[in-house]
Amino acid sequence: MKLKGTKIVLNSIPAGIPKKDDFRLKEFEVNEPVDGQFLAETIYLALDPYVRVTMVGRHFFSTPKEGEVPRGSTISRVIKSRNSNFNEGDLVVMESGMQSHSISDGKEVHFVKTGSAPVTTALGILGMPGFTAYSALLGPAKLKKDDLVLVSAASGAVGSMVGQIASIYNARVIGIAGGEEKCEWAMNNASLDACIDRKKDDIDQKLTELSQNGVDIFFDNTGGDIQNIVLSKHLALNSRVILSGMISQYNSNKPPSGPNLGNICKQRATIYGFVVYDFEHMRESFVKDAVDWYEKGLLNYTEDLVFGIEKTPAHFIKLMKGENFGKTIVQFMDL
Ligand SMILES: NC(=O)c1ccc[n+]([C@@H]2O[C@H](COP(=O)([O-])OP(=O)(O)OC[C@H]3O[C@@H](n4cnc5c(N)ncnc54)[C@H](OP(=O)(O)O)[C@@H]3O)[C@@H](O)[C@H]2O)c1
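A quick note: this is a predicted structure, and the numbers were derived from the prediction, not measured.

## Section: the pattern of salt bridges
In this structure the tally under the stated criterion is 15 salt bridges. With a closest N to O distance of 3.7 Å, Lys 19 and Asp 22 form a salt bridge. With a relative accessible area of 44%, Lys 19 lands in the partly exposed category. Relative accessible area serves as the criterion here: at 3%, Asp 22 is assigned to the buried category.

Here you go:
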């Protein structure tokens, strides 16, 4: 008899903030791996903001149709292998999507390497989000000592690593986060020198007080009003802008009209459209450095974790409302 799995499928393509009815839980029969493949069971599923963008066809990854499983990175355990590079029991990071089992040919699959850190960090600070911060800062942002770095969504998986890596390199960091609790956490754990509460503070006024000559690196995770304010007035001469993410527009089916980029020119700023997958050549040094920093006690993180595949839609909706606090993860089964 074939093994039964469970998956989340799209009932409908969400319009605006996703609703529970946009998703449904479905059973499926798990296929057997053929030569060159392995079968894995999902232990942890990461919920990442870009998945919402794939649903409206504005991402370079394919657009899921109604009835299909949305994307998702997972920590999975190999349970049957017909691929000589993978053995039963191996823990891997792979793109299984929102489902309990998946088959892979091993391409773009990485072994979990987190040293003494908990394995879930392979989806957060020691995984793709942490690698985004690392490769962008040490790559195109050309991070250096005494730079003033501004990062939005500063308590999040990407943002908190931006603060901590910048601080390890002796730069100063201003964060922007939503609410007092997130600002307090980021000040204490993500090495911020100052935090602007996007829900309460006047961002323009605060930035004028905190960075009289503008910021050297703007690591933009949100886009929207924050991006407009920073690009129009708060860049230093020769600054570097990393366009990492624009979560403020992910729930909208149409992209918004663009900002006035006059100040980019005046300040000779470099804007860099950043995609972490272009920086595979830095993965090995990232894993080595980040595990080493964790083991020296230099890295903190927070997770927003729930148990049970059936909680996936509600947890994804929480992320897309900006109500998550930390790396958003669903645990499907015990490790
Ligand atoms: N370019 C790449 O290769 C790459 C790779 C990974 C991630 N990213 C991007 O990096 C960003 C952060 O990802 P993450 O996984 O670390 O998520 P995260 O920061 O853990 O969670 C998302 C956060 O975004 C903020 N937010 C949500 N809606 C917002 C809105 N309308 N306006 C302003 N802020 C809003 C919220 O934080 P506050 O309430 O604190 O503002 C929310 O907690 C996303 O935009 C993602 O797409 C890019």
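## Some details on the packing of helix H5 (residues 203-210) against helix H6 (residues 224-233)
Taken N-terminus to C-terminus, the directions of H5 and H6 make an angle of 40 degrees; their axes are 10 Å apart at the nearest point. One element, H5, and the other, H6, form an angle in the oblique class. Regarding H5 and H6, the two cross each other, and that crossing is right-handed. In this structure, H5 uses Ile 203, Asp 204 and Leu 207 to contact H6, whose residues at the interface are Ile 226, Ile 229, Val 230 and Lys 233. In terms of residue class, the contact of H5 with H6 is built from 5 nonpolar, no polar and 2 charged.

## Let's talk about the site of the ligand
Residues in contact with the ligand amount to 26 residues; listed here are only the nearest, Gly 178, Arg 198, Phe 274, Val 276 and Asn 324. Contacts to the ligand include Arg 198, whose side-chain N or O atom sits 2.6 Å from an oxygen atom. Contact between the ligand and Ser 244: a nitrogen atom at 2.8 Å from a main-chain N or O atom of the residue. When the free accessible area of the ligand is taken as 920 Å², the share hidden by the protein chains comes to 90%. Looking at the shell around the ligand, the elements that each hand over two or more residues are helix H2 (128-138) and helix H3 (157-168). Along the lines of polarity and charge, the residues of the shell around the ligand split into 13 nonpolar, 11 polar and 2 charged. Looking at which domains feed residues into the shell around the ligand, each of domain 1 (4-124 + 302-331) and domain 2 (128-279 + 288-293) supplies at least three.

Parameters and conventions
Residues numbered from 1 in each chain as written. Predicted model: local features only at pLDDT ≥ 70, side-chain atom pairs only at ≥ 80, totals over all residues. Heavy atoms only, no water. Salt bridge = Lys/Arg side-chain N within 4 Å of Asp/Glu carboxyl O. Buried < 20%, exposed > 50% of the residue type's maximum accessible area, 1.4 Å probe, protein only. Axes fitted to C-alpha atoms, helices over the stretch in contact; angles between N-to-C directions. Helix = DSSP H or I, 4+ residues; strand = E, 2+ residues; numbered from the N terminus. Parallel < 35°, antiparallel > 145°, perpendicular 65-115°, else oblique. Left-handed = near helix turned anticlockwise from the far one by under 90°. Contact = heavy atoms within 4.5 Å. Nonpolar A, V, L, I, M, F, W, Y, C, P; charged D, E, K, R; others polar. Near = heavy atom within 4 Å. Polar contact = N/O pair within 3.5 Å; in protein donor to acceptor, adjacent residues only side chain to side chain. Areas by Shrake-Rupley, 256 points an atom, 1.4 Å probe, with all protein chains shown as cover. Domains from an automatic or database assignment.

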